[in-house]
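As a plain string of letters, each chain reads:
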Amino acid sequence: MTFSSVVGRFRILALAEAISWAGLLLGMFFKYVVVQNEIGVKIFGPIHGIVFVGFILVTLMTKEPLKWDARTLVLGLLSSIPPFGTVLFERWASKTGRLSEPAAEQL
């Protein structure tokens, strides 16, 4: 996975969004259950927010190059809402060929 391709950027942000969700959930667990301290939420909240926005932007920018229809785009955007949904969407999109870069047009 590299940041130089559309598919690489999408996959990296999908994974990062899921990891940041895990960090935020862990922070919330410590805040409300274990130590009543919100340091985890203060750290992972902004990180998750930034990665969330990045995932939304990269999903919107992925539509044209990969020729996604409106349904795929909406599913991609909605996958950012539940925890780890981006990883499930990425796996589904990869399995169904929606993360395959189109062949370069011949001159």
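From a predicted model like this one, the values you see are computed outputs, not experimental measurements. (Residues numbered from 1 in each chain as written. Predicted model: local features only at pLDDT ≥ 70, side-chain atom pairs only at ≥ 80, totals over all residues. Heavy atoms only, no water.)

Points about the environment of isoleucine 43
Summarising the element assignment, isoleucine 43 is placed in helix H2 (residues 39-66). Note: C-alpha distance between isoleucine 43 and leucine 24 (19 residues apart in sequence) is 8.2 Å. (Helix = DSSP H or I, 4+ residues; strand = E, 2+ residues; numbered from the N terminus.)

Describing the packing of H2 against helix H3 (residues 70-78)
Following both chains from N to C, one finds H2 and H3 inclined at 170 degrees, their axes separated by 10 Å at the closest point. Between H2 and H3, the crossing angle belongs to the class labelled roughly antiparallel. Along the contact surface, H2 presents Phe55, Ile56, Thr59, Leu60 and Lys63, while H3 presents Leu73, Gly76 and Leu77. When the residues that make up the contact of H2 with H3 are grouped by side-chain class, the tally is five nonpolar, two polar and one charged. (Axes fitted to C-alpha atoms, helices over the stretch in contact; angles between N-to-C directions. Parallel < 35°, antiparallel > 145°, perpendicular 65-115°, else oblique. Contact = heavy atoms within 4.5 Å. Nonpolar A, V, L, I, M, F, W, Y, C, P; charged D, E, K, R; others polar.)

Some words on the packing of aromatic side chains
Under the criterion given, the structure shown has six aromatic pairs. Seen from their ring centres, phenylalanine 10 and phenylalanine 55 are 5.4 Å apart, and the 45 degrees between their planes marks the pair as tilted. Here phenylalanine 10, found in helix H1 (residues 6-34), pairs with phenylalanine 55, found in helix H2; they are 45 residues apart in sequence, far enough to count as distant. Assigned by exposure class, phenylalanine 10 and phenylalanine 55 land together as buried. (Phe/Tyr/Trp six-rings, centres within 6.5 Å; stacked < 30°, edge-to-face > 60°. Buried < 20%, exposed > 50% of the residue type's maximum accessible area, 1.4 Å probe, protein only.)

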